[in-house]
Amino acid sequence: QRLSSLCATVRKTGEKMEAWLEKQFGLSGAGVTWQSEVRAGVTTFLTMAYILIVNPKMMSGADITFMEYDTGLPFSDALFATAVASCVACLIMGLWANLPFALAPGMGLNAYFLYTVVFGMGVAWEVALGAVFVEGLLFMALSMGGVRSAMINAVPTDLKIATMSGIGMFLAIIGMEETGWVVDNPATLVDLDATAAWTYQSGELWALIGLLAMGAMMARGVRGAFIYGIVGVTAVTWIMEAGGHGVMPGWGACNADMVACSAPAMGDWLSMPELPDETMGAALGAIGDAGTEVTDAEGNVTWGGWGDFLIVVVAFLFVDIFDTSGTLYGVGRMAGKIDENDEIENANEAFMADAVGTTVGALLGTSTVTTYIESAAGIEEGGKTGLVAVTAGMLFLVGLFFSDLFIAIPAYATAPALILIGAMMMRGVGDIDWGSAEIAIPAFLTISIMPFTYSIADGIALGVVTYVLMQLFMGKTEILENRILTGLAAVMALFYLGPGDQTTLEWILSNLN
């Protein structure tokens, strides 16, 4: 009798939970179930779980093979900040915006934080976090005022479609690099890896097997193709390593020593996270030091004070605005979240997610949080509601306890998913008016610049500037009536062009020192 009573209680609890999920996310209206949304969330998380180890390494300066330098920011603090900031941003995206997009500290932005600000300018990491915190507050103000939504809505539809396709190309080159298929070549910039040297122990070969397996499952309409492919390749290669036939990563995905990827010992699967004792709140205390001049060993000024602080804040703000906007439109189009006016559903709420995530992340100890293009993995799995983002966010917290297990998943298992997603994101390119040069040229530059510069923001900027200029050259002065677009083009030009070796914006702000 007690057992039946317990079963009845569990059943009622489950029914209440399903009712709440339906009310919160509108699952039936979206044509999905909570099971399929959780699966999509897991897929998204698996494709971006690498950030749990890569971002803390970047922030701390640890394990950078070509530089022996330590920022002083503890790795454990950065790990905690990465997981919690990602979780907070994902929860806001899922519960408030009800969109299936996951967020985490941006890879390009953490590189700017590390190499340009901390290494290049010689600034303490606390001050750099202060800049990120201020940028996050500005982000929140722009999001609440609807400014960011107005900016992206002012961009022509053809350029928005080009942005989606460019992001697909960007994803593809990331995936091809992580598989080891595309390698550096001093003469031609990039080249194909030496395929003749591949063996059954080559990660590049297993990446190809994984891609073909996932592609075949997708073609047959199998739900969970990415998860099956990632888990399958990972399990097989772990077993091979245990049997003395380890698979070597093509890109150093598991570690910098290029040893075979292996499953962590059972005793290492679970680890207790540490609170960020040194980084928590450090950004607030360091903002007052931003006006202090910094010089190198030869007496050269590397940080001029408040002018340079503003340059860093604006740089973070610019890249984050257009990186996030482009990503949101690209994955939003895939998810069917673009309305009849070519606008992103719940855009203001979505923009608030990364703004709050950035602010929280800076207070805890990590760089700018942004929407991840890997969200397309969960969307391709059928994800359509905020439950996808909530699932991914909760897994980031779980990742704090199982970080060694998640990080042991090799890049050659997850990278093929990025390539396939890139292919899927190209599906809208046929809608661009390629017969009109004034549209085709800016659209092509938008698409091509993203993978070649490793920057979504650069692609959007060049596309917008060339679009406005092409319209003016054609005598279509009515483009000036779109004040937001022409204003964006002008600001972008100031951000990229200027006197000497400085952009105009840098020149203006540097005079404030």
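Residues numbered from 1 in each chain as written. Predicted model: local features only at pLDDT ≥ 70, side-chain atom pairs only at ≥ 80, totals over all residues. Heavy atoms only, no water.

Help me understand the overall build of the chain, please; the structure alone is not making it clear to me.
Secondary structure assignment for the chain yields 22 helices and six strands. Across its three principal directions, the C-alpha atoms of the chain cover 75 × 55 × 55 Å. When burial is assessed residue by residue, the chain has 53% of its 513 residues classed as buried. Restricting the contact set of the chain to residue pairs at least 6 apart, pairs at least 24 apart contribute 77%. Just so you have it, the chain exposes about 21,700 Å², and 63% of that area is on carbon and sulfur atoms. Charged side chains in the chain number 17 positive and 49 negative. The centres of these two groups are separated by 21 Å. (Helix = DSSP H or I, 4+ residues; strand = E, 2+ residues; numbered from the N terminus. Buried < 20%, exposed > 50% of the residue type's maximum accessible area, 1.4 Å probe, protein only. Contact = heavy atoms within 4.5 Å. Areas by Shrake-Rupley, 256 points an atom, 1.4 Å probe, with all protein chains shown as cover. Lys, Arg positive; Asp, Glu negative; His and termini not counted. Charge placed at Lys NZ, Arg CZ, Asp CG, Glu CD.)

Would you mind going over the packing of aromatic side chains with me for this structure?
For any pair of aromatic rings, the description consists of the separation of the ring centres together with the inter-plane angle of the planes. Enumeration over the complete set of coordinates arrives at three aromatic pairs. Taking 5.2 Å as the distance between ring centres and 85 degrees as the angle between the ring planes, the aromatic pair formed by F170 and Y454 counts as edge-to-face. Of this pair, F170 sits in helix α9 (residues 157-179) while Y454 is found in the loop between α19 (437-453) and α20 (456-473), placing the two residues 284 residues apart along the sequence. Residue classification places F170 among the buried positions, given a relative accessible area of 10%. A residue is classified by how much of its surface remains accessible, and Y454, at 40% relative accessible area, is partly exposed. (Phe/Tyr/Trp six-rings, centres within 6.5 Å; stacked < 30°, edge-to-face > 60°.)

How should the confidence of the model for the chain be read in this particular structure?
Reading fine detail from the predicted coordinates is not recommended where pLDDT is low. Scored by pLDDT, the chain has a mean of 84; 92% of the residues are at 70 or more. For residues 63-68, every residue scores under 50 in pLDDT, and the model assigns this stretch nine contacts once sequence neighbours within four places are set aside. Within the model, the stretch residues 252-257 combines pLDDT values under 50 with eight contacts to residues more than four positions away or in other chains. (pLDDT = per-residue confidence, 0-100.)

Help me understand the environment of L205, please; the structure alone is not making it clear to me.
Structurally, L205 can be placed in helix α10 (residues 203-219). By relative accessible area, which is 26% here, L205 ends up partly exposed. For the pair L205 and M176, spaced 29 residues apart in sequence, the C-alpha separation works out to 12 Å.

I tried to follow unusual backbone geometry on my own but got confused; where do I start?
Glycine aside, residues mostly have negative phi angles, and peptide bonds mostly take the trans form. For N98, which is not glycine, the phi dihedral falls at a positive 55 degrees. Turning to its location among the elements, N98 is positioned in the loop between α5 (75-97) and β1 (103-105). Positive phi, close to 50 degrees, is recorded for N346, a residue that is not glycine. Looking at where N346 falls in the secondary structure, it is placed in the loop between α13 (306-334) and α14 (347-364).

Hey, could you run me through the pairing of strand β2 (residues 182-185) in this one?
For a regular strand, side chains alternate in direction, first toward one face of the sheet and then toward the other. Strand direction decides the pairing type here: β2 and strand β3 (residues 189-192), joined by four bridges, are antiparallel. Bridged to N185 within β3 is L189. Connecting β2 to the antiparallel partner β3 that follows it, the hairpin turn spans three residues. (Pairing = 2+ DSSP bridges.)

Help me understand helix α7 (residues 125-144) in this model?
Three- or four-residue spacings in an α-helix give side chains the same orientation, since the helix completes a turn every 3.6 residues. The terminal C-alpha atoms of α7, which comprises 20 residues, lie 29 Å apart, in line with the 28 Å expected from a rise of 1.5 Å per residue. Listing the buried residues of α7 in full gives W125, V127, A128, L129, G130, A131, V132, F133, E135, G136, F139 and S143. Positive phi appears at G146, one or two residues downstream of α7, with a value of about 75 degrees. (Expected span 1.5 Å × (residues − 1).)

Just to check I follow, could you spell out the pattern of salt bridges for this structure?
Pairs may arise between side chains of opposite charge once their charged atoms sit close together. Scanning all chains against the criterion turns up four salt bridges. We note a salt bridge from R333 to D431, for which the minimum N-O separation is 3.2 Å. Taken as a pair, R333 in helix α13 and D431 in the loop between α18 (411-424) and α19 lie far apart in primary sequence, 98 residues in all. Since its relative accessible area comes to 52%, D431 is described here as exposed. We note a salt bridge from R427 to E380, for which the minimum N-O separation is 3.5 Å. Of this pair, R427 sits in the loop between α18 and α19 while E380 sits in helix α15 (residues 375-380), and the two are 47 residues apart along the sequence. (Salt bridge = Lys/Arg side-chain N within 4 Å of Asp/Glu carboxyl O.)

What is the right way to look at the packing of helix α3 (residues 34-48) against helix α16 (residues 386-401) in this model?
Geometry of a packed helix pair, given as the angle between the helix axes and the separation of the axes. Viewed as axis vectors pointing N to C, α3 and α16 meet at an angle of 50 degrees, and their least axial separation amounts to 7 Å. Compared by their axis directions, α3 and α16 come out oblique. In the crossing of α3 with α16, the sense of the turn from one axis to the other is right-handed. Residues W34, E37, V38, A40, G41, V42, T44, F45 and M48 of α3 pack against L387, V388, T391, A392, L395 and F396 of α16. In terms of residue class, the contact of α3 with α16 is built from eleven nonpolar, three polar and one charged. (Axes fitted to C-alpha atoms, helices over the stretch in contact; angles between N-to-C directions. Parallel < 35°, antiparallel > 145°, perpendicular 65-115°, else oblique. Left-handed = near helix turned anticlockwise from the far one by under 90°. Nonpolar A, V, L, I, M, F, W, Y, C, P; charged D, E, K, R; others polar.)

What's the story with α19 in this structure? I'm lost.
Here α19 spans 23 Å end to end across 17 residues, near enough to the 24 Å set by a 1.5 Å rise per residue. What α19 keeps buried is the set E438, I439, A440, P442, A443, T446, I447, S448, I449, M450 and P451. Of the surrounding elements, those touching the buried residues of α19 are α9 and α20. Following α19 by one or two positions, Y454 has its phi on the positive side, about 60 degrees.

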